[in-house]
Amino acid sequence: MAFTSLSHHIDVDWLREAYKRTRKDGAAGIDGQTAAGYATHLEDNLRSLLDRAKSGGYRAPPVRRVHIPKGDGSQMRPIGIPTFEDKVLQRAVAMVLEAIYEQDFLDCSYGFRPGRSAHQALEVLQHESVCMAGGWVLEVDIKKFFDTLDRTHLREMVRRRVRDGVLLRLIGKWLNAGVMESGGLSYPEAGTPQGGVVSPLLANVYLHEVLDTWFERDVKPRLQGRAHLVRYADDAVMVFSCEDDARRVMDVLPKRFAKYGLTLHPDKTRLVEFRRPDRRPPRDSGDGGRPGTFDLLGFTHFWGLSRKGKWVVKRRTARGRFTRALRRVTEWCRLNRHHPVAEQHKALVQKLRGHFGYYGIIGNYEALHCFWEYTKYAWRKWLARRSRRKGMPWPRMDRLLERYPLPRPRIARPWCAPA
């Protein structure tokens, strides 16, 4: 059933709540307006924004495009930065759409949804893998998803549930707003800016139809064994108990995505034999019968023995994520080595706590400890280069760490309840 009247929910109070939920420390858009400047005349700005949005006079400004390192740093990821006022309006529309689509989205989807997190996706994946005794894992990687998303299909999907003219007009303006990069304005024919407030919700709507419902409605009834899908935004993993099922889905998956204008990455989309070691016969390939591993959400999943001697799926920080995080800390220490030690210590504490907060799960303590040790080495190395004196000896560094201690690694998430 489609909703034909929704825009009446958006009033000044709704926009005020959207303003509260909008990040205030984000980068400014093409107009340079900050959250502090917008808050100076907040009520007048919100009333003006509401009138323009309802009357059709609102013009979506182009997003400012910047590039950030992706993966190992060899590639760059384009990020679109809307203006602050545009962020507020996008948040208001996303709040309306979220109330509708949360009734439709399936349990296999975890990305950018209220009450759901990456750790819940990891817990569900671990639980299903153990229950199936492994099986075959299909890693799905969509090539440049946010840049190649077909807008025609997206509009059709949204129109099935939302037919309010005000909301559809605003979504269309955001899709066609254009991109400002290096002083030039361009209008891409496909995709939605990665970094916009409403973009994650639209991406979930798109992949809900392309992947989630297709897998549950058309694929699973035709399989011989069990199967489970876990998706976080455009990252997805499928676990199959039968090899034939996995290979059949792998063969048809590129055709399914091509129907909606998407392409699977040829190198990152792969099928991994992940059967439990005691159920996997030795092969002649020389691997000793060891199962493969796969990555999801920054963790490498592998089989290991628990303290009770049972086979369980363990997780550790993925090598690429570990190297990238360490490189960023080292670079930060290099660029900020001449700042006061107290300021450096405060920033490093925040970085370590953030790292431990995400990667601090059961079975990953060794990787946390290595990151903690390497951070101390990096800090000592660049503190020693503050002048032309000799390097800082470790006894002196130990005394500094006594005065400015770095938080020790800890398991921040001993258990996470699946959604």
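All residue numbers refer to position in the chain's written sequence, counted from 1. Note on the predicted model: pLDDT of at least 70 is required for a residue's local features to be given, and 80 or more for side-chain atom pairs to be given and counted; whole-chain, interface and lining totals, by contrast, use all residues. Only hydrogens and water are removed before side-chain values are computed, so all heavy atoms of the structure are retained for them.

### Concerning the overall build of the protein chain
Along the backbone of the protein chain there are 14 helices and eleven strands. Its C-alpha atoms give the protein chain a radius of gyration of 24 Å, near enough to 22 Å, the size a compact globule of 419 residues would have. Working definition: with a 1.4 Å probe on protein chains only, accessible area under 20% of the residue-type maximum means buried, over 50% means exposed, and in between means partly exposed. Per-residue burial for the protein chain yields a buried fraction of 49% across its 419 residues. Considering only contacts within the protein chain whose residues lie at least 6 apart along the sequence, 71% involve residues at least 24 apart. On the protein chain, roughly 21,700 Å² of surface is accessible, and the fraction owed to carbon and sulfur atoms is 50%. We count a stretch as a helix when DSSP gives it H or I for four or more residues in a row; a strand needs E for two or more, and each element gets its number in order from the N terminus. The quantity called the radius of gyration is restricted to C-alpha atoms. Its globule counterpart is 2.2 Å times the number of residues to the power 0.38. Any pair of residues with heavy atoms lying within 4.5 Å of one another is described as a contacting pair. Areas reported as accessible are Shrake-Rupley estimates using a 1.4 Å probe. Residue values count occlusion only from the protein chains shown.

### Overview of the packing of aromatic side chains
For Phe, Tyr and Trp, rings pair up if their centres lie within 6.5 Å, where Trp contributes its six-membered ring, and each pair is then called stacked (planes under 30 degrees apart), edge-to-face (over 60) or tilted (otherwise). Counted by the stated rule, this structure contains 16 aromatic pairs. Centroid distance Phe 145 to Phe 146: 5.2 Å. Interplanar angle 75 degrees. Geometry classified as edge-to-face. Here Phe 145 matches Phe 146 in class, with each residue buried. One aromatic cluster in this structure is built from Phe 145, Phe 146, Tyr 206 and Tyr 260. Against the face of Phe 302 rests Arg 316, its NZ or CZ located 4.4 Å from the ring centre. The cationic tip of Lys 376 hangs over the ring face of Trp 372; the distance from NZ or CZ to the ring centre is 4.0 Å. Only when the NZ atom of a Lys or the CZ atom of an Arg is both within 6 Å of the ring centre and within 35 degrees of the ring normal do we say a charge sits over the ring.

### A few points about the sheet that holds strand 5 (residues 184-186)
Through backbone hydrogen bonds, the strands of a sheet pair up, either in parallel or in antiparallel fashion. In this analysis, strands are considered paired if DSSP registers two or more bridges between them. Taken in spatial order, the four strands of this open sheet run 2-1-4-5, and their pairing is mixed. The open sheet is flanked by strand 2 (75-81) and strand 5, the only strands paired with a single partner. Sheet twist, expressed as the average angle between the axes of neighbouring strands with direction ignored, equals 40 degrees. Here strand 1 (residues 63-70) pairs with strand 4 (residues 179-181) via two bridges, running parallel. The residue bridging Arg 64 from the neighbouring strand is Met 180, located in strand 4. Fitting a line to C-alpha atoms yields each axis, with helices limited to the stretch in contact; the angle taken between N-to-C directions then spans 0 to 180 degrees.

### Things to note about the nonpolar core
Met 238 and Phe 257 are the most contacted members of the largest nonpolar core, which totals 73 residues. Beyond its immediate stretch of four places on either side in the chain, Met 238 contacts Trp 136, Val 137, Leu 138, Val 140, Leu 211, Phe 215, His 228, Leu 229, Val 249 and Leu 253. Of all hydrophobic cores here, the second largest spans 45 residues; its members include Ala 118, Val 239, Val 341 and Ala 384. Joining through side-chain atoms within 4.5 Å is the link that ties buried Ala, Val, Leu, Ile, Met, Phe, Trp, Tyr and Cys residues into a set, and such a set is a nonpolar core.

### Considerations on unusual backbone geometry
One non-glycine residue, Ala 233, adopts positive backbone phi at about 60 degrees. Looking at the element boundaries, Ala 233 is found in the loop between strand 6 (227-232) and strand 7 (235-240). With a relative accessible area of 11%, Ala 233 lands in the buried category.

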